[in-house]
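Read off the chains here:
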Amino acid sequence: MKKMITATFAVAIAAMAGYNTYLSHVEDGMSDMVLENVEALADDTENGSLNGNTTWQEGEKTIVTETFTTTTPGYTWDAELNVWLLNGSVVLTSPPDTKKEITTVKLKCCREKGDLKVCSYEAC
């Protein structure tokens, strides 16, 4: 009888632990992630890429980056915000000895709706 109570208690604890794990995944958004994946698959099916009807074309993407430099102490250029910082604070004026550098990078990429069956580059 004692073994039966112990076994029942162990099964109950295992069931509670499994249910708590399930609840933690649902609360963490696992179910939302699964739903998004299902929606993405549905979109791909509507566009025809899962049944082989999607066609591609090679494209070209150009990325132009402007960077600024200076030798004036305390000034730094924040490329993400496109602003000058003076000792960590945003300023509206640039230092007098500002130098501008422009970097241009051209990449080949893939675009949908072309005349190719396969494209070996990343999407544009």
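Residues numbered from 1 in each chain as written. Predicted model: local features only at pLDDT ≥ 70, side-chain atom pairs only at ≥ 80, totals over all residues. Heavy atoms only, no water.

A. Seen up close, the environment of Leu85. Examined against the element boundaries, Leu85 turns out to sit in strand β3 (residues 83-86). Given a relative accessible area of 15%, Leu85 falls into the buried group. Taking the C-alpha atoms as reference points, Leu85 and Gly74, 11 residues apart in sequence, are found 7.8 Å from one another. Apart from the residues within four sequence positions on either side, Leu85 is in contact with Gly74, Tyr75, Thr76, Asp78, Val90 and Val91. (Helix = DSSP H or I, 4+ residues; strand = E, 2+ residues; numbered from the N terminus. Buried < 20%, exposed > 50% of the residue type's maximum accessible area, 1.4 Å probe, protein only. Contact = heavy atoms within 4.5 Å.)

B. Looking closely at the packing of aromatic side chains. According to the stated counting rule, one finds 4 aromatic pairs in the structure shown. Their ring planes at 85° and their centres at 6.1 Å tell us that Tyr75 and Trp84 sit as a pair that is edge-to-face. As far as burial versus exposure is concerned, Tyr75 and Trp84 are alike and both buried. (Phe/Tyr/Trp six-rings, centres within 6.5 Å; stacked < 30°, edge-to-face > 60°.)

C. Summary view of the sheet that holds strand β2 (residues 75-78). In spatial order, the strands read β2-β3-β4; together these 3 strands make up an open sheet with antiparallel pairing. Of all strands in the sheet, those bounded by a partner on one side alone are β2 and β4 (89-91). The average undirected angle you get between the axes of adjacent strands in this sheet is 45°. Note: β3 against β4, 3 bridges, orientation antiparallel. Within the sheet, the bridge partner assigned to Trp84 lies in β4 and is Val91. (Pairing = 2+ DSSP bridges. Axes fitted to C-alpha atoms, helices over the stretch in contact; angles between N-to-C directions.)

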